[in-house]
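# Structural characterization, general
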Amino acid sequence: GLWLFLGNEILFFGGFVIAYAQGRWTHPDAYIAASAHTDLLLGGIESLVLLISSFIASVALRSLMLDRRRTAIRLLLAVAVLGLLFLGLHGKEWNDEIHEHLLPGHGFDGSGGEQLFFFIYYVATGFHGLHVLIGVVLMAVLAQRLGQGRYSARHHPAVELSILYWHLVDGVWMLLFTLFYLVDRT
């Protein structure tokens, strides 16, 4: 069932990629100009945070498989903390962009094509942030249940599937980071 859910999530975020591609096709110069307003350093740090969290999630699963429950609990909590750090960093980025008048609508400082770029950017990264928040809650619940002895080295499908979800969230961010931050930057 989780594979169907993950496939559905890929299709969901694929819609954002298609919307981005269509806008990029019709407004190439505006997309280049808008992309220059995204914070490459902060976005890069956010990417690093998620990559590290995915590595730690894998190590947590391996620790559980080796019957090192306490280590797995600590690592799952570290993943949750890194997810919260990502959300805080991205929230700061959104706040900075809003203060630069880059929120689509009245008072937007840019062209219609740039406004389209930022509309897709806010919706896609907002939904991604929601997925990160869900992952943070999952990691915390897993750590709690692991502490209660509900999972073991022999029985841990919920842990494995939740970490797979976390990897999807990480992979989606890498795609969004590439589209919104890296395209046409030299």
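A quick note: this is a predicted structure, and the numbers were derived from the prediction, not measured. (Residues numbered from 1 in each chain as written. Predicted model: local features only at pLDDT ≥ 70, side-chain atom pairs only at ≥ 80, totals over all residues. Heavy atoms only, no water.)

## As for the side chain of S162
Our working definition: By the criteria applied, helices consist of DSSP H or I runs no shorter than four residues and strands consist of E runs no shorter than two, each listed in order from the N terminus. The contact criterion used is simple: two residues touch if any of their non-hydrogen atoms lie within 4.5 Å.
Secondary-structure assignment places S162 in helix α6 (residues 157-182). Excluding residues within four positions of it along the chain, S162 makes contact with L138, M139 and L142.

## Remarks on the nonpolar core
The condition that has to hold: Remark: nonpolar core denotes a set of buried residues (Ala, Val, Leu, Ile, Met, Phe, Trp, Tyr, Cys) joined through side-chain atoms within 4.5 Å. Summary of the burial criterion: residues with accessible area below 20% of their type's maximum are buried, those above 50% are exposed, and those between are partly exposed, where the area comes from a 1.4 Å probe applied to protein chains only.
By size, the foremost hydrophobic cluster in this structure holds 51 residues, and its most contacted members are L76, F117, F118, M139, W166 and F180. Within the residue set of this core, elements represented by two or more residues are α1 (2-26), α2 (28-35), α3 (40-65), α4 (69-99), α5 (112-147) and α6. Of the residues forming this core, the biggest block, 13 residues, is contributed by α6. Setting aside residues up to four positions removed in sequence, L76 forms contacts with A60, M139, L142, A143, L146 and I163.

## Let's talk about the packing of aromatic side chains
To describe a pair of aromatic rings, you give the distance between the ring centres and the angle between the ring planes. Defined as follows: A pair of aromatic rings is counted whenever rings of Phe, Tyr or Trp (Trp by its six-membered ring) have centres within 6.5 Å, and the orientation is called stacked for planes under 30 degrees apart, edge-to-face for over 60 and tilted otherwise.
Enumeration over the complete set of coordinates arrives at 22 aromatic pairs. Centroid distance W94 to Y122: 5.1 Å. Interplanar angle 80°. Geometry classified as edge-to-face. Separated by 28 residues along the polypeptide, W94 in helix α4 and Y122 in helix α5 bring together distant segments of the chain. A ring pair is formed by F117 and Y121, whose centres lie 6.5 Å apart and whose planes are at 5°; its orientation type is stacked. Here Y121 and F117 lie together in helix α5, a separation of four residues that amounts to about one turn.

## Some remarks on the side chain of D170
With respect to the helices and strands, D170 occurs in helix α6. Setting aside its immediate chain neighbours within four residues, D170 contacts L50, L51 and S54.

## Section: unusual backbone geometry
The backbone phi angle of D67 is positive, close to 65°, even though this residue is not glycine. In this fold, D67 is placed in the loop between α3 and α4. A relative accessible area of 55% means that D67 is categorised as exposed. In the Ramachandran plot, H101 falls in the positive-phi region, its phi being about 65° despite a non-glycine side chain. Among the secondary structure elements, H101 is positioned in the loop between α4 and α5. By relative accessible area, which is 47% here, H101 ends up partly exposed.

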